[in-house]
Amino acid sequence: MNPAKLPGLLARVPELSRADLVALLSLEDPAECEALRAAAYDTASRSVGDTVRLRGLIEFSNRCDLDCLYCGIRRGNRAVDRYTLTREEIVDAALWCARAGYGSCVLQSGERRDGASAAFVESCVREIKERSRSAELPDGLGITLSCGEQSRETYGRWFAAGAHRYLLRIESSNPALFAAIHPPGQRFEPRLAALSALRGAGFQVGTGVMIGLPGQSVEDLADDLRFMKELDVDMIGMGPYLVHDDAPMRPLGMRERGPLAGLALRMIAAARLLMPDVNIAATTALEALLPDGRRAGILHGANVVMPNVTPLPVRGAYRLYEGKPGLRDDRAAFRDRVAREIESAGRLPGWNRWGDSPHAAKRI
Ligand code: 5AD
C-alpha cells in the first residue's frame, strides 16, 4: 500500500468501505501490519476496556447430525469415538469454571435437533444456573451456547432456562462459498434465519467465519466483516481454516501457515476497527496455527479467551481440525497460563464476570 494511505484510512475508522477493508486485509509490509495492530489494540482499550473476558469451554458432545465438508466430527467420519458427557460431568465442569473465577462458560457440541438432545441441554443449563450462584456470582455463571441451528421453540426454551449468549457461525457470508463447503442439504438461508431467531429469542448473538478457506478471496473476507456489522452482532468468533485428515476437503489443502496466521490476525484487527464495542475471541484454531496465537489475537484487538475445561479423557475426541492444542493441559495449569498470557499482552483477566460486550449492553 502507498505509505501515505494507511494513516488516512485508519482515521476513517469505524466507517470503513469494502475497498478499505480489502486494503487492510491485504497488508504485507511489516510496519503497516504493526500500525494496523496498534490501532486495533488501542480501539479495544477505548471501546471494550483492558479486561479480557474468560469463558471455560465445555465440549460436551461430539455427536453431530451434519456433514460439513471441512469438519473432523462430521456425521460421516466413522473414525471418531463418539461421546456425550453426562449431565453431572457437564455441571461439574461448569462449577469448576465458577470456582476458577471464569465467570462464564460455553457449552459447545455437534448439532442435533431431536427433542431429547434439546431437553438435555435445557436441563444442563438449568442446573448450572441453579448451582453456580455464589457471593462472587450472585446471578450464577454466564452461559453461552454453541449447539448449531435449532427451532425457534428450542432457542426459546434454552434462553428461558438461563443461557444468554449464543454462537452460531455463518462460516462464510458468500452463499456460493457456503454451498461449496457444505453438502446440498445444508443451506445458507436457514442458517441466516436461525441467526435472526436467536435474536428474537433474546440471546446476545455471535457469529463468525473460517479464514483461508479454499476458494475464498480477500473480498469475501471483507464482505464477511460487513455481514457481521450489518447483522449487528454482539460477539465474533473466527479462526483460520485448518485441514482435517478425514474430511472431504482435505485434498484441497490449506494456505501456508505463516501467511494464514497473518491474515487471521488482520481479520481480528479489521473486525475491531469496524465494530469497536463487540466481543471478539482469540480462538483455539488461531492457537493451533501459531504457538503464541492467543496472545497475538489479544494484541490484535481480541478481548475474549475460551480456555478448554472439557474433561481430559474425551478432549482428544473433539477434534475439528489437525493440530488441536491443549489435548493434555490440566485445566488448573491452563488457567494460570492463560492468565499470564493475558497479562503479558498488557490486559487483565476479567475474573468472576459474565463479560458481556458493551455493544450488547447498549442494546439492552
Ligand atoms: N478448521 C477450522 N475451523 C473449523 N471448524 C470446523 N471445522 C474446522 C476446520 N477444519 C469451526 C467451524 C465451526 C466451529 C465450531 O469450528 O467454524 O462453526
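Above this text is the structure in question.
An account of the accompanying structure is given in this report.

Criteria and thresholds
Residues numbered from 1 in each chain as written. Predicted model: local features only at pLDDT ≥ 70, side-chain atom pairs only at ≥ 80, totals over all residues. Heavy atoms only, no water. Axes fitted to C-alpha atoms, helices over the stretch in contact; angles between N-to-C directions. Helix = DSSP H or I, 4+ residues; strand = E, 2+ residues; numbered from the N terminus. Parallel < 35°, antiparallel > 145°, perpendicular 65-115°, else oblique. Left-handed = near helix turned anticlockwise from the far one by under 90°. Contact = heavy atoms within 4.5 Å. Nonpolar A, V, L, I, M, F, W, Y, C, P; charged D, E, K, R; others polar. Expected span 1.5 Å × (residues − 1). Buried < 20%, exposed > 50% of the residue type's maximum accessible area, 1.4 Å probe, protein only. Near = heavy atom within 4 Å. Polar contact = N/O pair within 3.5 Å; in protein donor to acceptor, adjacent residues only side chain to side chain. Phe/Tyr/Trp six-rings, centres within 6.5 Å; stacked < 30°, edge-to-face > 60°. Lys NZ or Arg CZ within 6 Å of the ring centre and 35° of its normal. Right-handed = clockwise from strand over helix to strand, strands pointing away. Pairing = 2+ DSSP bridges.

### Quick notes on the packing of helix α3 (residues 30–47) against helix α10 (residues 257–274)
Argument step 1. Here α3 crosses α10 at 45°, and the two axes come no closer than 9 Å. One finds that α3 runs oblique with respect to α10. Handedness of the crossing formed by α3 with α10: left-handed. Between α3 and α10, the residues in contact are C33, L36, A39, A40, T43 and A44 and R266, A269, R272 and L273, respectively.
Argument step 2. Among the residues making up the contact of α3 with α10, the classes are represented as seven nonpolar, one polar and two charged.

### Examining helix α8 (residues 188–201)
In an α-helix, one full turn covers 3.6 residues, which means residues spaced three or four apart are oriented alike.
Argument step 1. The end-to-end C-alpha distance of α8, which contains 14 residues, comes to 20 Å, matching closely the 20 Å that a straight helix rising 1.5 Å per residue would cover.
Argument step 2. The set of residues buried in α8 consists of F188, R191, A194, L195, A197, L198 and A201.
Argument step 3. Here the buried face of α8 lies against α6 (152–161), β5 (165–167), α7 (175–180), β6 (204–207) and α9 (218–231).
Argument step 4. One or two residues past the end of α8 sits G202, with phi positive at roughly 110°.

### Some points on the site of the ligand
Argument step 1. If you check the shell around the ligand, you find Y70, C71, R169, E171, M210, P240, Y241, L242, L320 and Y321 and nothing else.
Argument step 2. Taking L242, its main chain carries an N or O atom lying 2.7 Å from a nitrogen atom of the ligand.
Argument step 3. In this structure, L320 approaches the ligand through a main-chain N or O atom, which is 3.5 Å from a nitrogen atom.

### Points about the packing of aromatic side chains
Argument step 1. Taken as a whole, this structure holds eight aromatic pairs when the rule is applied.
Argument step 2. Seen in terms of ring centroids, F159 and F203 are 5.2 Å apart; in terms of plane orientation they differ by 75°. Their pairing is edge-to-face. Note that F159 is positioned in helix α6 and F203 in the loop between α8 and β6, a separation of 44 residues in sequence.
Argument step 3. A relative accessible area of 30% means that F159 is categorised as partly exposed.
Argument step 4. Look at F203 and you get buried, because its relative accessible area is 2%.
Argument step 5. Above the plane of the ring of Y41 lies R37, whose end atom (NZ or CZ) is 5.8 Å from the centre.
Argument step 6. The cationic tip of R335 hangs over the ring face of W351; the distance from NZ or CZ to the ring centre is 4.4 Å.

### Remarks on the pairing of strand β2 (residues 56–61)
Argument step 1. A large share of β2 lies buried, amounting to six of its six residues.
Argument step 2. On the question of chirality, the crossover connecting β2 to the parallel strand β3 (residues 104–109) by way of helix α4 (residues 87–100) is right-handed.

### Focus: the sheet that holds strand β10 (residues 279–280)
Argument step 1. Taken together, the seven strands give an open sheet; going across it, the order is β2-β3-β4-β5-β6-β8-β10, and neighbouring strands pair in parallel fashion. At either margin of the open sheet sits one strand with a lone partner, and together these are β2 and β10.
Argument step 2. As defined by bridge partners, β2 adjoins β3 across five bridges and the pair is classed as parallel. Residue L57 lies in a different strand from β3, and its bridge partner there is V106.
Argument step 3. Contacts from α4 reach β2 and β3, with the element oriented near 175° to β2.

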